[in-house]
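Working through the structure, step by step
Next come the chains, spelled out residue by residue.
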Amino acid sequence: MTPEELFSEQDSRIFVRCRPIIPHDNEAMGNKSIVQKVPDHRDLILMCPKVSLSGDCSIEPSVVSLDGTFCGAEDTTERVYFESCSPLVNFSVDGATTCVLCYGQTGSGKTFTTSGIFRFVTEDLAPYFNTHDIFLTVVEIQASKNVDLLTGNEVQVFEDVSGELKLQGSEPFECSSAEFLHAAFEEAASLRTTKATDRNETSSRSHMITRISIVSKESRWAKPGDFFIVDLAGSENTADSATHDKTRQVETKFINTSLMTLKDCIRSRALAGTSSQHLHIPYRRSPLTLLLRDCFEIAVRRPTKTVMIACVSPLLRDSRHTINTLRYASLLAVTPPAKVIAADPDDPNNFSREQALDFSI
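These numbers were taken from a predicted model, which means no experiment stands behind them.

1. Notes on the environment of Cys311
Relative to the helices and strands, Cys311 resides in strand β17 (residues 304–312). For Cys311, a relative accessible area of 1% puts it in the buried group. Linking Cys311 and Ser108, residues 203 residues apart in sequence, is a C-alpha distance of 5.5 Å. With residues up to four places along the chain from it excluded, the contact list for Cys311 reads Arg17, Tyr103, Gly104, Gln105, Ser108, Gly109, Lys110, Thr113 and Thr325.

2. Regarding the packing of helix α2 (residues 77–84) against helix α4 (residues 110–125)
The relative placement of two packed helices comes down to the angle between their axes together with the axis-to-axis distance. Two numbers describe how α2 lies on α4: the axes approach to 9 Å, and their chain directions differ by 65°. With respect to the hand of their crossing, α2 and α4 are arranged in right-handed fashion. Two secondary-structure elements touch here, α2 through Thr77, Glu78, Tyr81 and Phe82 and α4 through Phe112, Thr113, Gly116, Ile117, Phe120, Val121 and Asp124. Tallied by class, the residues present in the contact of α2 with α4 amount to 6 nonpolar, 3 polar and 2 charged.

3. Quick word on the sheet that holds strand β4 (residues 57–64)
Here we have 3 strands laid out as an open sheet, ordered β2-β3-β4, and antiparallel in their pairing. Both edges of this open sheet fall to β2 (35–37) and β4, since each of them pairs with a single strand only. On average, adjacent strands in this sheet sit at an angle of 30° to one another, irrespective of strand direction. Of the pairings in the sheet, the one linking strand β3 (residues 44–51) to β4 comprises 8 bridges and is antiparallel in character. Each bridged residue has a counterpart across the sheet, and for Val51 the counterpart in β4 is Cys57. Of the strands in this sheet, β2, β3 and β4 touch helix α8 (residues 319–330), which is tilted by about 125° from β3.

4. Here's the deal with the pairing of β3
By the bridge criterion, 3 bridges tie β2 to β3 in an arrangement that is antiparallel. The residue bridging Val35 from the neighbouring strand is Leu46, located in β3. Linking β2 back to β3 in an antiparallel pair, the connection comprises 6 residues, with Asp40 at a positive phi of about 65°.

5. Let's talk about the packing of aromatic side chains
Using the criterion set out here, one finds 7 aromatic pairs in the structure. Seen from their ring centres, Tyr81 and Phe120 are 5.7 Å apart, and the 20° between their planes marks the pair as stacked. One end of the pair, Tyr81, is in helix α2; the other, Phe120, is in helix α4, with 39 residues separating them in the sequence. With relative accessibility at 5%, the residue Phe120 sits in the buried group. Through a chain of ring-to-ring contacts, three or more aromatic side chains come together here, namely Tyr81, Phe82 and Phe120. One cation-aromatic arrangement involves Arg119 over Phe120; the distance from NZ or CZ to the ring centre is 4.4 Å. Taking the ring centre of Phe91 as reference, the NZ or CZ of Lys305 above it sits at 5.4 Å.

6. Looking at the packing of α4 against helix α5 (residues 178–190)
With their axes 9 Å apart at the nearest point, α4 and α5 run at an angle of 160° to one another. Judged on the interaxial angle alone, α5 and α4 are roughly antiparallel. As for how α4 packs across α5, the hand of that crossing is right-handed. Taking contact as the criterion, the partners of Ser115, Phe118, Arg119, Thr122 and Leu125 in α4 are, on α5, Ala178, Leu181, His182 and Phe185. Here the contact of α4 with α5 is composed, by residue class, of 5 nonpolar, 3 polar and 1 charged.

7. Describing the pattern of salt bridges
Evaluated as defined, the whole model comprises 13 salt bridges. Taking the shortest distance from any N to any O, the salt bridge between Asp75 and Lys37 comes out at 3.1 Å. Within this pair, whereas Asp75 is found in the loop between β5 (69–71) and α2, its partner Lys37 is found in strand β2, the two being separated by 38 residues in sequence. Among the residues examined, Asp75 registers a relative accessible area of 2% and is labelled buried. Assessed through its relative accessible area of 32%, Lys37 is described here as partly exposed. Via salt bridges that share partners, Lys37, Asp75, Arg79 and Glu83 belong to a single interconnected network.

8. Re the UniProt feature "binding site: ATP" (unreviewed entry) in the protein chain
In this numbering, the UniProt entry assigns the feature "binding site: ATP" (unreviewed entry) to Gly104, Gln105, Thr106, Gly107, Ser108, Gly109, Lys110 and Thr111. Mapped onto the fold, Gly107 is located in the loop between β6 (97–104) and α4. Residue position: Thr111 is located in helix α4. Accessibility expressed as a relative area gives 36% for Thr111, which makes it partly exposed.

9. Overview of the nonpolar core
The biggest cluster of nonpolar side chains holds 47 residues, and the ones touching the most others in it are Val230, Leu292 and Phe296. The biggest single contributor to this core is helix α6 (residues 246–272), with 6 residues. Counting 36 residues, the second largest nonpolar core, distinct from the first, contains Ala184, Ala188, Phe227 and Ile309.

10. Some details on α8
The end-to-end C-alpha distance of α8 is 16 Å, a good match for the 16 Å that 12 residues give at a rise of 1.5 Å each. Within α8, burial applies to Ser319, His321, Thr322, Thr325, Leu326, Tyr328 and Ala329.

Cut-offs used in this document
- The residue numbers shown here count from 1 along each chain, following its written sequence.
- The predicted nature of this model means local features are confined to residues of pLDDT at least 70 and side-chain atom pairs, given and counted, to a pLDDT of 80 or more, with totals for whole chains, interfaces and linings taken over all residues.
- Each side-chain value is worked out from all heavy atoms of the structure, with water and hydrogens disregarded.
- In DSSP terms, a helix is any run of H or I states spanning at least four residues, a strand is any run of E spanning at least two, and both are numbered starting from the N terminus.
- Think of it in three bands: with a 1.4 Å probe and only protein chains considered, a residue is buried below 20% of the maximum accessible area for its type, exposed above 50%, and partly exposed in between.
- By definition in these notes, contact holds between two residues if any of their heavy atoms fall within 4.5 Å.
- Orientation is described by lines fitted to C-alpha atoms, with helices fitted over the stretch in contact, and by angles between N-to-C directions that extend from 0 to 180 degrees.
- Here is the rule for handedness: rotate from the far helix to the near one, and if that takes an anticlockwise turn smaller than a right angle the crossing is left-handed, while a clockwise turn gives right-handed.
- Residues are grouped as follows: Ala, Val, Leu, Ile, Met, Phe, Trp, Tyr, Cys and Pro are nonpolar; Asp, Glu, Lys and Arg are charged; all remaining types, including Gly, are polar.
- Here, a strand pair is defined by DSSP locating no fewer than two bridges between the strands.
- Side-chain rings of Phe, Tyr and Trp, where Trp is taken by its six-membered ring, are said to pair if the distance between their centres is within 6.5 Å; with planes under 30 degrees apart they count as stacked, over 60 as edge-to-face, and otherwise as tilted.
- A positively charged side chain is recorded as over a ring if its NZ (Lys) or CZ (Arg) lies within 6 Å of the ring centre. The angle to the ring normal must also be within 35 degrees.
- Roughly parallel covers angles under 35 degrees, roughly antiparallel covers those over 145, roughly perpendicular covers 65 to 115, and oblique covers all other angles.
- Think of a salt bridge as a Lys or Arg side-chain nitrogen and an Asp or Glu carboxyl oxygen that are within 4 Å of each other.
- UniProt positions are given in the numbering used here, feature names are shortened, and annotations may be inferred rather than shown by experiment.
- Grouping buried Ala, Val, Leu, Ile, Met, Phe, Trp, Tyr and Cys residues that are joined through side-chain atoms within 4.5 Å yields what is termed a nonpolar core.
- Any helix carries an expected span of 1.5 Å times its number of residues minus one.

Encoded structure:
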């Protein structure tokens, strides 16, 4: 099945990327990963530790069905991009809202993956700079505030009285070329808040949401297509944060709370699509989910496509994290497509350039 065919019947797709064992892990480099690919299939085999009632320990294989699995150094970021989310660029150029979410424990390779994906997105956008205006917004969601990393301004995320999403304080940065777009992203990413933890020397202590807005020069009045790339802060359990100081503990609480809100939105969206009853999707609880609200709406005015890349560790000692990450991501697998509300032909926002000029006359 080609990447394009993956989205023919489903708006959401799930992939797993398992990083290779590295010297920093203090593991024998010959040890095998607990995540293994099924040859010629998209599923993976997870070697799960089991403890019997008698206290005996064993390792048992478990098959997890997904849309694709990438393991080790041989599965490069280029391969991850082209097999999972490359079709999203064309969807966004056509006016859709698309999103790539990288989720997983701290130190599982999320930031490495999102940075690589952004580079390939900019390369695929290169032919469109002549026909479209392309803007970049990079917002860091911290425990106490939201910051536009391109300007340093504090950002307020809210809905106005008409229901439009607003980022007060944020200024979209117009980019004239793919090289300029990538350089602006790299500059913004370098300013992101990171701290050393027991699990990761440069652990991200915030969520970073990158939005590429693509506006057709032929119809500037139409809503732009949006491509979101979301590098979520790493999830941590009690053991991971045992040695944190008070500030780090506050950050950990914020990270886990916002990730739980994201999980609730994904779960509610999946249930709402199959239930005859109205279910509330709590995306307004967090700036993170409010920014991504189009991914959770039951009915949308433009198509939405979402890819979650669950980043996991190959280490046996991280198996609980890996299991939880896969459970979290699997919620997207049962999310039915959103209903697209037909565009009103009399709405000036939907006019072509020629229609808009005639309308103004």
